[in-house]
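Close look at the chain arrangement
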Amino acid sequence: MAKTDLELKIDAVKIRIGVLEALSKLRAGHIGGCMSMAEVVAVLYGRAMRHDPQNPKWADRDWLVVSKGHCGPALYAALALYGYINWEVLPTINTGGTILPSHCDRNRTPGVDMTTGSLGQGMSTAIGAAMGNRMQSRNSDTFLILGDGEIQEGQVWEGALFAAQKKLDSLIAFVDWNKKQLDGYVADICGLEDIAEKFRAFGWNAETVDGHDVAAISAAIDRARARNGKPSMIVLDTVKGRDCTFAEHELLNHHMRFSEEQAAGAIAALRETLARLQKEAAK
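This structure is a prediction, so every number in the text was calculated from the model and none was measured. What you see as residue numbers is a count from 1 along each chain, following the sequence as written. In keeping with the model being predicted, local features are shown solely for residues with a pLDDT of at least 70 and side-chain atom pairs are shown and tallied solely at 80 or more, while totals for entire chains, interfaces and linings include all residues. Heavy atoms throughout the structure, all of them, feed into the side-chain values; hydrogens and water do not.

**Some details on the pattern of salt bridges**
Note the following rule: When a carboxyl oxygen of Asp or Glu lies within 4 Å of a side-chain nitrogen of Lys or Arg, that pair is called a salt bridge. For every residue, the accessible area obtained with a 1.4 Å probe (protein chains only) is divided by the maximum for its type, and the residue is called buried under 20%, exposed over 50%, and partly exposed between those limits. Runs of H or I in DSSP of at least four residues are treated as helices and runs of E of at least two as strands, each being numbered from the N terminus.
Going through the model one piece at a time under the given rule, you end up with 18 salt bridges. Of the charged contacts, one joins D11 and K3 as a salt bridge, the two residues approaching to 2.7 Å between their closest N and O atoms. Judged by its relative accessible area of 3%, D11 is buried. What makes K3 partly exposed here is its relative accessible area of 26%. Between R138 and D60 there is a salt bridge, and its shortest N-O distance comes to 3.7 Å. Here R138, found in the loop between α5 (121-135) and β3 (142-147), pairs with D60, found in the loop between α3 (38-48) and β2 (63-66); they are 78 residues apart in sequence, far enough to count as distant. A relative accessible area of 34% means that D60 is categorised as partly exposed.

Given below as structure tokens:
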């Protein structure tokens, strides 16, 4: 059963906590982009996608391709929250023998639909998944999460042209528009200007929403499912490092090293938010 907006907000906080718990042993990781995508992942697993944690390879499931695969910890936290893996496995990320490698790997982690990490290629693999499902007459959607710095890759735009040409309206993509990439602000490195307008010019449905508003994300997905013969792009206006006390206001927060004390403080602050939301839900 689809979760309420308040339940999705709670799940987004839990995903952020999961990211920090996953990376605390290493005391380093891609904090910024994991935190900015918490709400969209919560909406996908908690409301939008057809999926079954008891049968991760269910043929008629909706697919999720996290093209910005370095933000795997956010996906892993969601998979733990929704029953694909045990929460206790999260701190083993990127250690010997783990099922949770640094970047998403469909051969290692239950519930991961596509191996990703080489930026730009997720557009192509998501298109392939969507076309394959259509060829097999499956009523499945393929969801794709791209980074804003990532869409500087030419392969993304080749894929955008191809998906529009093929009228691939089962493809619903997101750009996590958190305004930063590895070396600084996207606008200073290779500015994107109006992302939604660019995708519209390439033949897509496209709109921009508040990427931390679960209701707005859900409504945009509903509109994307109108099936008008066009793929859809939902640009998520987000804050890199959102709600992580030591990361949100740092310029270079793509990949960060942090102390045990910083992690503990960030988790404590998130747990306060979680308790407040849970109290509200109990009324």
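**Concerning the packing of aromatic side chains**
Under the convention used in this document: In this analysis, rings of Phe, Tyr and Trp, with Trp reduced to its six-membered ring, are considered paired at centre separations within 6.5 Å, and the interplanar angle assigns stacked below 30 degrees, edge-to-face beyond 60, and tilted for intermediate values.
With the rule as written, the count across this model stands at seven aromatic pairs. Between Y45 and Y84, the ring centres sit 6.2 Å apart and the planes meet at 75 degrees, which makes this aromatic pair edge-to-face. Residue Y45 is located in helix α3, and its partner Y84 is located in the loop between α4 (72-81) and α5; the two are separated by 39 residues in the primary sequence. The pair Y45 / Y84 is uniform in exposure class, with both members buried. Aromatic pair W157 and F202: ring centres 5.0 Å apart, planes at 55 degrees, arrangement tilted. Taken together, the residues span a long stretch of sequence, with W157 in helix α6 (residues 154-165) and F202 in the loop between α8 (195-201) and β7 (205-210) at a distance of 45 residues. For W157, a relative accessible area of 16% corresponds to the buried category. Residue classification places F202 among the partly exposed positions, given a relative accessible area of 26%.

**Comments concerning a nonpolar patch on the surface**
Operational definition: Patch construction takes residues with relative accessible area above 30% that form no salt bridge. Like charges are linked within 9 Å, and nonpolar side chains (Val, Leu, Ile, Met, Phe, Trp, Tyr) are linked within 5 Å. Per-residue and other accessible areas follow the Shrake-Rupley method at a 1.4 Å probe size, with only the shown protein chains counted as cover for residues.
Together, Y185, L251 and L252 line one region of the surface with nonpolar side chains, adding up to about 290 Å² of accessible area. By the secondary structure assignment, L252 is in the loop between β8 (232-237) and β9 (256-257).

**Looking at the packing of α3 against helix α9 (residues 214-224)**
When two helices pack together, their arrangement is given by the angle between their axes and by how far apart the axes lie. Which entries qualify depends on this criterion: Axis lines are fitted through C-alpha atoms, for helices just across the contact stretch, and the angle between N-to-C directions can take any value from 0 to 180 degrees. For classification, angles of less than 35 degrees are called roughly parallel, those exceeding 145 degrees roughly antiparallel, those between 65 and 115 degrees roughly perpendicular, and all remaining angles oblique. In this scheme the handedness of a crossing depends on how the near helix is turned from the far one: anticlockwise by less than a right angle means left-handed, clockwise means right-handed. Whether two residues touch is decided by their heavy atoms; if any such pair falls within 4.5 Å, the residues are in contact. Each residue is assigned to one of three groups, with Ala, Val, Leu, Ile, Met, Phe, Trp, Tyr, Cys and Pro labelled nonpolar, Asp, Glu, Lys and Arg labelled charged, and all others, Gly among them, labelled polar.
Running from N to C, α3 and α9 point in directions that differ by 60 degrees, and their axes come no closer than 10 Å. With respect to each other, α3 and α9 are oriented oblique. Considering the relative orientation of α3 and α9, their crossing is right-handed. Contacts between α3 and α9 pair E39, V40, V43, L44, R47 and A48 from the former with V214, I217, S218 and I221 from the latter. For the contact of α3 with α9, the residue count by class is seven nonpolar, one polar and two charged.

**A look at α3**
Among the eleven residues that make up α3, ten are buried, leaving the element largely enclosed by the rest of the structure. Listed as buried for α3 are A38, E39, V40, V41, A42, V43, L44, Y45, G46 and A48.

**Examining the environment of A263**
Tracing the backbone shows A263 in helix α10 (residues 260-282). Taking C-alpha positions, A263 is 8.8 Å from C244, a pair spaced 19 residues apart along the chain. Once residues within four sequence positions are removed from consideration, A263 is found in contact with S24, F246 and F258.

**Quick word on empty space enclosed by the protein**
Short version of the rule: The pocket and cavity definitions rest on a 1 Å grid over protein atoms only: a 1.4 Å probe that fits but cannot leave marks a cavity, an open set with protein on both sides within 12 Å along at least five of seven lines marks a pocket, and residues lining either have an atom within 4 Å of a point. Grid points are joined across faces, edges and corners, and a volume is the space filled by probe spheres set on the points.
Scanning all chains against the criterion turns up one cavity of 30 Å³ or more. Here the largest cavity is characterised by a volume of approximately 70 Å³. Looking at side-chain class alone, the lining of the largest cavity contains five nonpolar, two polar and three charged residues.

**Examining the pairing of strand β4 (residues 171-177)**
To keep things clear, this is the line we draw: Paired strands are those between which DSSP finds at least two bridges. Here, the term right-handed applies to a crossover whose path from the first strand over the helix to the second runs clockwise when the strands point away from the viewer.
Among the seven residues that make up β4, six are buried, leaving the element largely enclosed by the rest of the structure. As judged from the six bridges shared by β3 and β4, these two strands associate in the parallel manner. When the sheet's bridge partners are listed, F143 is paired in β4 with I172. For the segment spanning β3, α6 and β4, crossover handedness is right-handed.

**Examining the side chain of D62**
Filter applied, for reference: Within 3.5 Å is the distance limit for a polar contact, defined as a pair of N or O atoms, with the added protein rule that one can donate a hydrogen and the other accept it, and that residues adjacent in sequence qualify only through two side-chain atoms.
Position of D62 among the secondary structure elements: in the loop between α3 and β2. What makes D62 buried here is its relative accessible area of 3%. At 2.8 Å, the side chain of D62 forms a polar contact with the backbone nitrogen of D141. Within polar-contact distance, the side chain of D62 engages the side chain of R225 at 3.2 Å. When near neighbours in sequence (up to four residues on either side) are disregarded, D62 contacts A48, M49, R50, D113, N139, S140, D141, F143 and R225.

**Brief notes about the sheet that holds β3**
What holds strands together in a sheet is hydrogen bonding between their backbones, with the strands either parallel or antiparallel. Within the open sheet, the five strands sit side by side as β2-β3-β4-β8-β7. Their pairing is parallel. Sheet topology places β2 and β7 at the edges, where each strand pairs with a single neighbour. For this sheet the average axis-to-axis angle between neighbouring strands, irrespective of direction, equals 20 degrees. Pairing between β4 and β8: six bridges, direction parallel. By the bridge assignment for β8, V175 is matched with V235. Packed on one face of the sheet, α3 meets β2, β3, β4 and β8 and runs near 175 degrees to β3. Of the strands in this sheet, β2, β3 and β4 are in contact with α5, which crosses β3 at around 175 degrees.

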